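The residues making up each chain are set out below.
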Amino acid sequence: MHFGMTDEQRMIVDTTRAFVEAELYPHEALVERTGHLPMELVREIQGKAMAAGLYAANMLEEVGGAGLDTLSWLLYERELGRANYALHWTCVARPSNILLAGTEAQREKYLYPCLRGETWDCLAMTEPGAGSDLRGMQASARQDGGDWVLNGTKHFISHADIAGFTIAFMATGEEATPRGTKKKITAFFVDKGTPGFTVRDGYRNVSHRGYSNAILEFDGCRVPAENILGEVHKGFEVANDWLGATRLQVAATCLGRADRALDLAVRYAAERRQFGQQIGKFQGVSFKLADMAMELKAAELLTWEAGWKFDQGGVTDADMAMAKLKASEVLAMVADEAIQIHGGMGLMDDLPLERIWRDARVERIWEGTSEIQRHIISRALLRPHEG
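We now turn to the structure provided with this report. Please read all numbers here as calculations on a predicted model, not as lab measurements.

### What about the nonpolar core?
Counting 95 residues, the largest nonpolar core has Tyr76, Ile167 and Phe169 as its most contacted members. Examining the composition of this core, we find that 13 residues originate from one element, helix 8 (residues 246-271), more than from any other. For Phe169, the contacting residues outside a window of four places in its chain are Ile98, Ala124, Met125, Met137, Lys154, Ile185, Thr186, Ala187, Gly235 and Ala239. Ranked by size, the runner-up nonpolar core spans 20 residues in total, among them Cys122, Ala139, Phe197 and Leu216.

Here you go:
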């Protein structure tokens, strides 16, 4: 096995990190203070990201993306993850890979405008009564002639306020399974401004300030059959085929923030003096640094291995669950210990640590809670012994 980066991967890391430090870091304080990302700033940074070749880097070359393999893409995501989430997602946008599942007509209408930076996409799955149990969703769609009529509510929908359209997952029927009756799900493109489709302000969030969430309401919202993404009743299959690496993306961005927090802690431990010496020489601090570095390395190896296996076609749900679970929990630990090492200054907004600490909390919830990840891992272990 080879653990070193290729020259191309090193260039990706160096270029992305330099961009993050020069173009994103300077604006973090503004976004954190106001909870808002001005569109004029978005457009300014967006243009620079495009010029640097960093925009939509997750996309295939055939549609105008960078065509990165999964491991290289995760290295890129780790560097972006160092910065405020609203800044790096909105300004260096990565359109959802699920857009590649569309027909050529759907690509023309939805994918290519995102690639050109003209708009953004958003995914609508979660509901007030259906989070981890997506099969329990109540929002539904029924066929009416050549159209489908959508009704129901979605919430926690990220950046729906700026998105030009949503991909809404709706219950469209039921099927009998060995574990009981389950709902069939279909995915629909729904354009903002469609009658019966309303985007309302969401909730104030302690994590990722400036990265908004919204409540989506569908009340007799009529869309043509041509707006179905994939096939009728096959929404989960489309999601599984095209959103599989999302948990690895979360893992990679967690690694970036944890690495930034560890760097700050190491620097402070080397510079801060108490009782006549560097605080890093006290075991109470030095052992924390050692544990932080060790756990971060373990999380990195799990994530990089999963990315490599993804490219080889051998990744499993358990591999991705392990990476997401470990990286998100390591971020929480590293952020907390970095603040402890800094003492009172760690909680002041002069440093990014209190933001990293707050932002870390949501990572163990979205894209599958830590409990769901443990369920996936344990299920994979037990499955060969069932029956």
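### Section: a nonpolar patch on the surface
Together, Met345, Leu347, Met348 and Trp357 make up an exposed nonpolar region whose accessible area comes to about 380 Å². Of note, Met345 is situated in the loop between helix 10 (317-342) and helix 11 (353-363).

### A closer look at the side chain of Gln9
Within the secondary structure, Gln9 sits in helix 1 (residues 7-24). The exposure class of Gln9 is buried, given its relative accessible area of 8%. Setting aside its immediate chain neighbours within four residues, Gln9 contacts Gly4, Asp69, Leu71, Ser72 and Leu75.

### Considering the packing of aromatic side chains
Each aromatic ring pair is specified by the distance between its two centres and by the angle formed by the two planes. Evaluated as defined, the whole model comprises 11 aromatic pairs. Summarising the aromatic geometry, the rings of Tyr211 and Trp366 are spaced 6.0 Å apart at their centres and angled 90° between planes, so their arrangement reads as edge-to-face. Residue Tyr211 is found in the loop between strand 6 (197-201) and strand 7 (213-224), and its partner Trp366 is found in the loop between helix 11 and helix 12 (370-382); the two are separated by 155 residues along the sequence. Of the residues examined, Tyr211 reaches a relative accessible area of 10% and is grouped as buried.

### Here's the deal with the packing of helix 8 against helix 11
Axis separation between helix 8 and helix 11 bottoms out at 11 Å; the angle between their running directions is 155°. Considered as vectors, helix 8 and helix 11 are oriented roughly antiparallel to each other. Seen from above, helix 8 lies across helix 11 with left-handed handedness. Here Val250, Cys254, Arg257, Arg260, Ala261 and Leu264 of helix 8 lie close against helix 11, whose contacting residues are Leu353, Arg355, Ile356, Asp359 and Glu363.

Criteria and thresholds
- Residues numbered from 1 in each chain as written.
- Predicted model: local features only at pLDDT ≥ 70, side-chain atom pairs only at ≥ 80, totals over all residues.
- Heavy atoms only, no water.
- Core = buried A, V, L, I, M, F, W, Y, C linked by side-chain atoms within 4.5 Å.
- Buried < 20%, exposed > 50% of the residue type's maximum accessible area, 1.4 Å probe, protein only.
- Helix = DSSP H or I, 4+ residues; strand = E, 2+ residues; numbered from the N terminus.
- Contact = heavy atoms within 4.5 Å.
- Patch = residues over 30% accessible without salt bridge, like charges linked within 9 Å, V, L, I, M, F, W, Y side chains within 5 Å.
- Areas by Shrake-Rupley, 256 points an atom, 1.4 Å probe, with all protein chains shown as cover.
- Salt bridge = Lys/Arg side-chain N within 4 Å of Asp/Glu carboxyl O.
- Phe/Tyr/Trp six-rings, centres within 6.5 Å; stacked < 30°, edge-to-face > 60°.
- Axes fitted to C-alpha atoms, helices over the stretch in contact; angles between N-to-C directions.
- Parallel < 35°, antiparallel > 145°, perpendicular 65-115°, else oblique.
- Left-handed = near helix turned anticlockwise from the far one by under 90°.

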